[in-house]
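Now for the letters of each chain:
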Amino acid sequence: MLSKNNPIQRDQLEMVALDQLVPQDHLVRKMEAALDFSFIYELVKDVYSEVGRPSIDPVILIKLTFIQYTFGIRSMRQTIAEVETNMAYRWFLGYGFHDKVPHFSTFGKNYERRFKDTDLFEQIFYRILKTAAEKKLISAEHVFIDSTHVKASANKHKFEKKVVRKETRAYQEKLQEEINQDREDHGKKPFPPDKFDKEETKEIKESTTDPESGYYVKDERTKQFAYSFHATSDRNGFVLGTIVTPGNTHDSLILEPLVEQVIEKVGKPKAVAADAAYKTPVITKFLMENEMTPALPYTRPRTKDGFFRKYDYVYDEFYDCYLCPAGEILKYSTTTKEGYREYKSPKHICATYPFLAQCTESKDHQKVVTRHIWQEYVEEADHLRHKQAVKEIYAKRKETIERVFADAKEKHGMRWTTLRGLKKLSMQAMLTFAALNLKKMANWTWRSPEMA
């Protein structure tokens, strides 16, 4: 039987409480039950004056950002528009039916005047992480590290080319010491200090819209200004730390500060899993010297097709030389200022070698094999990856840190940004990952009233 709804019910008066309109299992109820937001008052008390007009409650300001990042709303303007009509959001903020919602510019003004140069968002992130740890939800003996690019709010066609100085890496001083020691051990003169201190430059594209972003090239189609969000998670998918850099910063440079962040805030992990971008002598040395097991993947040889692979040349550790496929010895020649030993074949023998075309294209018929002075750490990491325990740790990457980034981009608005500058992007990263952690903790600890 055909029936019609009576639209007169739109004007019907009801006696109803806001609490009745929010479903018992709504995510905002779970978030409110999982975390007491009153700790924010203590964090912000020093940036508020004791005189003047009453401010908007700082807890409401922070809760507004959690609504935005938890539910993937693209801007604060849109968030305020949603709060005006969404009863669950009003309930979460503690507003009634007729309470006036703040203007969308309120958070931005408070950020510029009060929060910009503080560590407020970092403290909020770690307070949520601490609460999750107290509830026994964190399992940080194995950590998983990766990064993802977030498109900057900048036109890729508006840039200036600049020549800038290459940054000195944190481990450079120690590497230089070991290079000179290695040269002395081989009867070579150590490099003078000015050999290392020589200023190296590179040409970059700097955005005129957002100069702090970095030009990122993935393939012919993907060329853009972006930021890199580096993060580490535990085996349960909780984000343990994050660092934001320009999009042209290599992943391997950020692993050490990220791991140190985890050690300081959470505790020292037993194993660290990462993809092939992190498989470098510096990283493997850092992890092993600090008694952390590297869980790294197999990497294919980068030799041209038709040529002998690097592994066809066998290193003899006792005699410090390489043996080529023909059984000839490649003797140590020198150690470069980049930290690579060079081993060279005998020219007069190689010139008559029948498989020379598979060995080298050098005009003087000499094969040169390079080996980093810390290469033994990479080789040990290669041995470890065959162990079943390490295989299982590495296999968890796709379920942990890769899932974190997938959720953040698809559900929490992290695919691109409307903000500009490293400070604001760091705020976005902290709030996005704090929202992810809070959402996970809220769902895992929720007990509905019917079950209580």
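Quick summary incoming for the structure in this document.

The rules we used
- Residues numbered from 1 in each chain as written.
- Predicted model: local features only at pLDDT ≥ 70, side-chain atom pairs only at ≥ 80, totals over all residues.
- Heavy atoms only, no water.
- Helix = DSSP H or I, 4+ residues; strand = E, 2+ residues; numbered from the N terminus.
- Rg over C-alpha atoms; globule rule 2.2 N^0.38 Å.
- Buried < 20%, exposed > 50% of the residue type's maximum accessible area, 1.4 Å probe, protein only.
- Contact = heavy atoms within 4.5 Å.
- Areas by Shrake-Rupley, 256 points an atom, 1.4 Å probe, with all protein chains shown as cover.
- Lys, Arg positive; Asp, Glu negative; His and termini not counted.
- Charge placed at Lys NZ, Arg CZ, Asp CG, Glu CD.
- Pairing = 2+ DSSP bridges.
- Axes fitted to C-alpha atoms, helices over the stretch in contact; angles between N-to-C directions.
- Parallel < 35°, antiparallel > 145°, perpendicular 65-115°, else oblique.
- Nonpolar A, V, L, I, M, F, W, Y, C, P; charged D, E, K, R; others polar.
- Polar contact = N/O pair within 3.5 Å; in protein donor to acceptor, adjacent residues only side chain to side chain.
- Core = buried A, V, L, I, M, F, W, Y, C linked by side-chain atoms within 4.5 Å.
- Arc of directions from axis to C-beta.
- Phe/Tyr/Trp six-rings, centres within 6.5 Å; stacked < 30°, edge-to-face > 60°.
- Lys NZ or Arg CZ within 6 Å of the ring centre and 35° of its normal.

**Some words on the overall build of the protein**
So, step 1. Helix and strand counts for the protein stand at 16 helices and 13 strands.
So, step 2. For 452 residues, the compact-globule estimate of 2.2 N^0.38 gives 22 Å, and the protein exceeds it by more than 25% at 28 Å.
So, step 3. Across its three principal directions, the C-alpha atoms of the protein cover 100 × 50 × 50 Å.
So, step 4. Counting only residues that meet the buried cut, the protein has 43% of its 452 residues in that class.
So, step 5. A separation of at least 24 residues holds for 67% of the contacts in the protein among residues at least 6 apart in sequence.
So, step 6. In the structure as shown, the protein presents an accessible area of about 26000 Å², 48% of it carried by carbon and sulfur atoms.
So, step 7. For the protein, the centre of its 73 positive side-chain charges and the centre of its 66 negative side-chain charges are spaced 5 Å apart.

**With respect to the sheet that holds strand E13 (residues 368-372)**
So, step 1. Spatially, E9-E10-E11-E12-E13 is the arrangement adopted by the 5 strands of the open sheet, whose pairing is antiparallel. Two strands in the sheet have a free side with no partner beyond their single neighbour: strand E9 (314-316) and E13. Here the average twist between neighbouring strands, direction ignored, is 35°.
So, step 2. Looking at chain direction, strand E12 (residues 340-344) and E13 are connected through 5 bridges and run antiparallel.

**Focus on the pairing of strand E1 (residues 142-151)**
So, step 1. Counting buried residues along E1, 9 of its 10 residues qualify, which places the element largely inside the surrounding structure.
So, step 2. Summarising the sheet, E1 and strand E7 (residues 271-273) pair through 3 bridges and their orientation is parallel. Opposite Phe144, over in E7, you have Ala273 as the bridge partner.

**Side note on the environment of Gln358**
So, step 1. In this structure, Gln358 sits in the loop between helix H12 (347-350) and E13.
So, step 2. Looking at Gln358, the relative accessible area reads 30%, which means it is partly exposed.
So, step 3. Sequence separation of Gln358 and Lys304 is 54 residues, and the distance between their C-alpha atoms is 9.6 Å.

**What to know about the packing of helix H3 (residues 58-70) against helix H4 (residues 76-85)**
Helix-helix packing is described using two parameters, namely the angle between the two axes and the distance between the axes.
So, step 1. Between H3 and H4, the shortest axis-to-axis distance is 10 Å and the interhelical angle comes to 100°. What the angle tells us is that H3 and H4 run roughly perpendicular. Each of Leu64, Thr65, Ile67 and Gln68 in H3 lies in contact with H4, whose residues at this interface are Met76, Thr79, Ile80 and Val83.
So, step 2. Partitioned by chemical class, the residues of the contact of H3 with H4 number 5 nonpolar, 3 polar and no charged.

**Some points on helix H11 (residues 281-289)**
So, step 1. Across the 9 residues that make up H11, a large majority, 7, are buried.
So, step 2. For H11, every residue scored as buried is listed here: Pro281, Val282, Ile283, Thr284, Lys285, Phe286 and Leu287.
So, step 3. Of the residues flanking the end of H11, it is Glu291, one or two places downstream, whose phi is positive at about 60°.

**What about the side chain of Thr245?**
So, step 1. By the secondary structure assignment, Thr245 is in strand E6 (residues 239-246).
So, step 2. Look at Thr245 and you get buried, because its relative accessible area is 8%.
So, step 3. At 2.8 Å, the side chain of Thr245 and the side chain of His230 are in polar contact.

**Concerning unusual backbone geometry**
So, step 1. If you check the backbone angles, Glu291 has positive phi at about 60° while not being a glycine.
So, step 2. Even without glycine at this site, His365 takes up a positive phi of about 65°.

**Here's the deal with the environment of Tyr332**
So, step 1. Checked against the element boundaries, Tyr332 lands in strand E11 (residues 329-335).
So, step 2. Through-space distance from the C-alpha of Tyr332 to that of Glu212 is 44 Å; in sequence the pair is 120 residues apart.
So, step 3. Setting aside residues no more than four positions away along its own chain, Tyr332 makes contact with Asp182, Arg183, His186, Lys188, Asp320, Arg341, Glu342 and Tyr343.
So, step 4. Of note is the side chain of Tyr332, whose polar atom sits 2.6 Å from the side chain of Thr335.

**Overview of the nonpolar core**
So, step 1. Phe66, Phe121, Leu255, Phe433 and Leu438 are the most contacted members of the largest nonpolar core, which has 95 residues in total.
So, step 2. Among the elements that line this core, the one with the most residues is helix H16 (residues 422-445), at 12 residues.
So, step 3. Ignoring any residue separated from it by four or fewer positions in sequence, one finds Phe66 in contact with Met31, Phe37, Phe71, Ile124, Ile128, Ala434, Ala435 and Leu438.

**Notes on helix H6 (residues 105-115)**
So, step 1. By the burial criterion, the buried members of H6 are Thr106, Phe107, Asn110, Tyr111 and Phe115. Around the axis of H6, the buried residues are gathered within 135° of arc, so they sit on the same side.
So, step 2. Where H6 is buried, its residues contact helix H2 (39-44), H3, H4, helix H7 (120-134) and H16.

**Observations concerning the environment of Ala140**
So, step 1. Within the secondary structure, Ala140 is located in the loop between H7 and E1.
So, step 2. On the basis of relative accessible area, Ala140 is assigned to the buried category, the value being 15%.
So, step 3. For the pair formed by Ala140 and Val404, sequence separation is 264 residues and the distance between their alpha carbons is 15 Å.
So, step 4. Leave out the neighbours within four places in its chain, and Ala140 touches Asp234, Leu240, Val266 and Pro269.

**Points about the packing of aromatic side chains**
So, step 1. For the structure on display, the rule yields 17 aromatic pairs.
So, step 2. Aromatic pair Phe37 and Phe92: ring centres 5.8 Å apart, planes at 85°, arrangement edge-to-face. Here Phe37 is found in the loop between helix H1 (27-34) and H2, whereas its partner Phe92 is found in helix H5 (residues 87-93), with 55 residues between them in sequence.
So, step 3. Note on Phe37: relative accessible area 4%, which makes it buried.
So, step 4. Consider the rings of Phe115 and Phe121, whose centres lie 6.2 Å apart with planes at 90°: the pair is edge-to-face. Like Phe121, Phe115 is buried.
So, step 5. In this structure, Lys285 is placed above the aromatic ring of Trp374, and the distance from its NZ or CZ to the ring centre is 4.7 Å.
So, step 6. For the cation-ring pair, Arg371 lies above Tyr315, with the distance from its terminal atom to the ring centre recorded as 3.8 Å.

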